[in-house]
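# What the coordinates show
Residue-level listing of the chains:
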Amino acid sequence: MQPMTDTSPTSLFNLINKVALVTGGSRGIGEAIARAYAKAGASVVVASRKIDSVQSVADAINAEGGRALAIACHTGDRAQVRAMIERSVAAFGGLDIVVNNAATNPQFGSLLNATDEQWDKTFQVNVKGYFAVIQEAMPHLLKRGHGKVINMASVAGITPGQMMGIYSASKAAVIMMTQSLAQELASQNIQVNAIAPGVIETKFSTALWSNAHLTATVNRKAGRLGQPDDLAGVALFLASDASNYINGTVIVVDGGLEVGGSF
Ligand SMILES: NC(=O)c1ccc[n+]([C@@H]2O[C@H](COP(=O)([O-])OP(=O)(O)OC[C@H]3O[C@@H](n4cnc5c(N)ncnc54)[C@H](OP(=O)(O)O)[C@@H]3O)[C@@H](O)[C@H]2O)c1
């Protein structure tokens, strides 16, 4: 890791001349991160399965003076992941920052009622998909001599989310994969970190925030529901030089919800 030479805020936190890939960038947390990276000066690849949704995010970034490319990619499909990385590098000349954010949660209920298909789908996207993106991107990060990998985990990966057993296990796996890769890649100046959001008001978590009892608990413990932009600052920090000596960590962004144990 390079020691810091200029510690002015503009130097610490800017992403000028950096290329960032954000999966699940068409809405919610991924969109907030992609927009924040573009504002910090990065060229941003915004990916998700549906090209129309991801294209409108890229169009908005470009219209605001940023530089963005939309790519359709199902991150549970290795061939599509490989093609996405190749296109990103061809378009912007390299890759510096990878944000694994696209995830799925097909099972909400008792873990004992879970099917093999639900286990397979969740792990294919949330764990093997994250790994595929990292593995395909790594030669390009290594070529740069530096790199940042940011994996979107969840507080459910630290303490189990109720009725979300498979999802929680997949997020715990994301945290362990983050730490394993951080250890492996530290000497090559690649930092691998995770973010663990609490309850953020997005399409993904509708089953949570549409539950009045749960929302009341969140309001009592964390003051309010989280919003996608609440993740922008920490994602920018972990992508920037400001975090060059932070590796293998999990930053919880939950407004204090889980202080003292699972909510
Ligand atoms: N919201 C929360 O409360 C919360 C809490 C903790 C952690 N998280 C984590 O935060 C991340 C983002 O969630 P979010 O709340 O922002 O969800 P969201 O608003 O529903 O967005 C999910 C994004 O992922 C994309 N996506 C889904 N499956 C995909 C796949 N197989 N391949 C590629 N893209 C895919 C979606 O676009 P397409 O449909 O076009 O593919 C969309 O862009 C996830 O990792 C989630 O586990 C969320």
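Scope of this entry: the structure provided in the associated data block.

Cut-offs and rules
- Residues numbered from 1 in each chain as written.
- Predicted model: local features only at pLDDT ≥ 70, side-chain atom pairs only at ≥ 80, totals over all residues.
- Heavy atoms only, no water.
- Buried < 20%, exposed > 50% of the residue type's maximum accessible area, 1.4 Å probe, protein only.
- Helix = DSSP H or I, 4+ residues; strand = E, 2+ residues; numbered from the N terminus.
- Pairing = 2+ DSSP bridges.
- Right-handed = clockwise from strand over helix to strand, strands pointing away.
- Contact = heavy atoms within 4.5 Å.
- Near = heavy atom within 4 Å.
- Polar contact = N/O pair within 3.5 Å; in protein donor to acceptor, adjacent residues only side chain to side chain.
- Areas by Shrake-Rupley, 256 points an atom, 1.4 Å probe, with all protein chains shown as cover.
- Nonpolar A, V, L, I, M, F, W, Y, C, P; charged D, E, K, R; others polar.

Another aspect to go through is the pairing of strand E5 (residues 147-152). In summary, the side chains of a regular strand alternate between the two faces of the sheet. Counting buried positions along E5 yields six of six residues, so the element is predominantly enclosed. Residues Gly-147, Val-149 and Asn-151 of E5 are buried on one face, and the alternating residues Lys-148, Ile-150 and Met-152, pointing to the opposite face, are buried as well. Two strands pair when backbone bridges link them, and strand E4 (residues 97-100) and E5 are joined in this way by four bridges, in the parallel orientation. Of the residues in E5, the one forming a bridge with Asn-100 is Asn-151. As for the winding sense of the linkage, the β-α-β connection from E4 through helix H5 (residues 116-144) to E5 is right-handed. Sheet topology note: the E5/strand E6 (residues 190-197) ladder contains six bridges and is parallel. The residue bridging Asn-151 from the neighbouring strand is Ala-194, located in E6. On the question of chirality, the crossover connecting E5 to the parallel E6 by way of helix H6 (residues 165-185) is right-handed.

Let's shift gears to the environment of Leu-69. With respect to the helices, strands and loops of the structure, Leu-69 is situated in strand E3 (residues 67-72). Sequence separation of Leu-69 and Val-44 is 25 residues, and the distance between their C-alpha atoms is 6.4 Å. Once residues lying within four places of it in the same chain are set aside, the contact partners of Leu-69 are Val-44, Val-45, Val-46, Ala-58, Arg-87, Ala-91 and Phe-92.

Every one of the 30 residues lining the ligand counts as a neighbour, but Ser-26, Ser-48, Arg-49, Tyr-167 and Thr-202 are closest to it. Interatomic distance of 2.7 Å between a side-chain N/O atom of Ser-48 and an oxygen atom of the ligand. With the chains in place, 97% of the 880 Å² that the ligand exposes on its own is no longer accessible. Mapped by element, the contributors of at least two residues to the shell around the ligand are helix H2 (28-39), H5 and H6. Grouping the constituent residues of the shell around the ligand by class yields 13 nonpolar, twelve polar and five charged.

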